[in-house]
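Residues per chain, in single letters:
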Amino acid sequence: ENSLVILLQGLHGHVTTVDLRDESTATGRVTNVDAFMNMRLAEVTFTDRQGTASHLDELFVTGRNVRYVHIPDEVDIRVERQLQAIHRVRYFGGRDKGRKEFPRTKH
Amino acid sequence: MVEEGGGGGAMSFLKRFPPPAEGVRHQQPDTEAVLAGRTLGAGTLYIAESRLSWLENSGVGFSLDYPTISLHAVSRDLNAYPWEHLYVMVNAKFEEEETKEAPMAEGEEEEEDSDDDVEPIAEFRFVPSDKSALEAMFSAMCECQALHPDPDDEDSDNDYEGEEYDVEAHELEQGDIPTFYTYEEGLSHLTAEGQATLERLEGMLAQSVSSQYNMAGVRTEDSIREFEDGMEVDIAPVVAGQFEDAEVDH
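First, a word on scope: everything that follows refers to the structure included in this document. In this text the structure is predicted, and so the values were computed from the model without any measurement.

## Side note on the overall build of chain A
Part 1: Per the secondary structure count, chain A includes two helices and five strands.
Part 2: Here chain A, with 107 residues, has 47% of them falling under the buried criterion.
Part 3: Just so you have it, chain A exposes about 5,500 Å², and 50% of that area is on carbon and sulfur atoms.

This is how it looks when you write it as structure tokens:
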């Protein structure tokens, strides 16, 4: 599993800026992120690579064309939660099952 | 709607083909197609699972493969473009013989050409006469795009399989990787650390086979007897962090 996608899926509902591969940017509210990092945004200000801005009601960008996702500040706490979720997935299915490779502190 | 393109030498990438019959998630008649600001005419947009197609009413048109589509969007910003439309950005070049001679209003074409060496981009706009259909068109495209995941994406997933457990367990299951010995041959080749690794991995295998023996990486006496074929070794509890740097790059 691509753990970074879990991180992005925590952005649902947040206004986020996505830099695209062709140097255009899209700022809008994340309505969906799927396992392939395809992202769906609503109420988007889209700035094309020439710098021209326009408004798009909805935008879908393929994961391949996402270069950066600017994680908004208010999502910090969720990042930690997402990391915990990643650790659970990593140790196949249960926090207390399986081997413990690193000493773990209770969260 | 102005119909000036659509045939002959104006847009050479237009071809005649039958409309898609299978997997059509959405079909929108009376839709104008525009490429980089030049209209291709009025026709029907077919959003099918295999590809996106547009056929002018005369029967010629073109198709776009989803892997080449970078993004699509609903645009209702009349300042940016005078009609509400479905915007589709494609990572490919389309011949536009006429436009090379005719000057483009904003000079965008020429800038795009210079970028084409690095990354070709073509901008399509599909303008339905029925504006209220844009949401359905957008959603149908999202669904179809999701059916065509990028092969590059899967490679990066494999890179992230650097989680030691997954890769090694997978390799052990395969059993035919030359660097792994069978029990009998391999035992004598193992260093003490290697032996501990082997025990740990076998313990993990045991755990995946039977969940009753999951004790945080420490195998019990019982699990040894169940799953090991005559290999008698000391049971060494796994030391946390012992193998942190033991894993090589995969």
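Having seen it, we continue.
## Details of the pattern of salt bridges
It is possible for side chains of opposite charge to pair when their charged atoms get near one another.
Part 1: Counted under the stated rule, the structure contains eight salt bridges over all chains.
Part 2: A salt bridge links R25 of chain B to E143 of chain B, with the nearest nitrogen and oxygen atoms 2.4 Å apart. With R25 of chain B in strand β2 (residues 24-35) and E143 of chain B in helix α3 (residues 134-146), the pair connects residues that are 118 residues apart, well separated along the chain.
Part 3: For E143 of chain B, a relative accessible area of 41% corresponds to the partly exposed category.
Part 4: With a shortest N-O distance of 2.9 Å, E84 of chain B and R76 of chain B are connected by a salt bridge.
Part 5: Through salt bridges that share partners, D57 of chain A together with R76, E84 and E135 of chain B make up one connected network.

## A word on the state of the cysteines
All names here are of chain B.
Part 1: One pass over the full model with this rule turns up zero disulfides over all chains.
Part 2: Left unpaired, C142 is separated from the closest cysteine sulfur, that of C144, by 9.4 Å.
Part 3: For C142, a relative accessible area of 7% translates into the label buried.

## Some remarks on unusual backbone geometry
Residues and elements named next belong to chain A.
Part 1: Phi at E23 is positive, roughly 75°, even though this residue is not glycine.
Part 2: With respect to the element layout, E23 can be found in the loop between β1 (15-20) and β2 (25-33).
Part 3: Owing to a relative accessible area of 56%, E23 belongs among the exposed residues under this scheme.
Part 4: You will see that M37, though not glycine, has its phi angle at about 65°, which is positive.
Part 5: When you line up the elements, M37 lands in the loop between β2 and β3 (39-47).

## Structural notes on the packing of aromatic side chains
Each aromatic ring pair is specified by the distance between its two centres and by the angle formed by the two planes.
All names here are of chain B.
Part 1: The tally for this structure, following the rule as stated, stands at eight aromatic pairs over all chains.
Part 2: Here W54 and F62 contribute two aromatic rings whose centre-to-centre distance is 5.8 Å and whose plane-to-plane angle is 40°, an arrangement assigned as tilted.
Part 3: On the accessibility criterion, F62 (3% relative accessible area) is buried.
Part 4: Site record: aromatic cluster; members linked through ring pairs are F13, W54, F62, F94, F124 and F126.

## Some details on α3 of chain B
Part 1: The first and last C-alpha atoms of α3 of chain B sit 18 Å apart over 13 residues, in line with the 18 Å expected at 1.5 Å per residue.
Part 2: Of the positions making up α3 of chain B, those classed as buried are L134, M137, F138, A140, M141, C142, C144 and Q145 of chain B.

Reading the values: the criteria
Residues numbered from 1 in each chain as written. Chains lettered and ligands numbered in written order. Predicted model: local features only at pLDDT ≥ 70, side-chain atom pairs only at ≥ 80, totals over all residues. Heavy atoms only, no water. Helix = DSSP H or I, 4+ residues; strand = E, 2+ residues; numbered from the N terminus. Buried < 20%, exposed > 50% of the residue type's maximum accessible area, 1.4 Å probe, protein only. Areas by Shrake-Rupley, 256 points an atom, 1.4 Å probe, with all protein chains shown as cover. Salt bridge = Lys/Arg side-chain N within 4 Å of Asp/Glu carboxyl O. Disulfide = S-S within 2.5 Å. Phe/Tyr/Trp six-rings, centres within 6.5 Å; stacked < 30°, edge-to-face > 60°. Expected span 1.5 Å × (residues − 1).

Read these as geometric descriptors, not functional statements.
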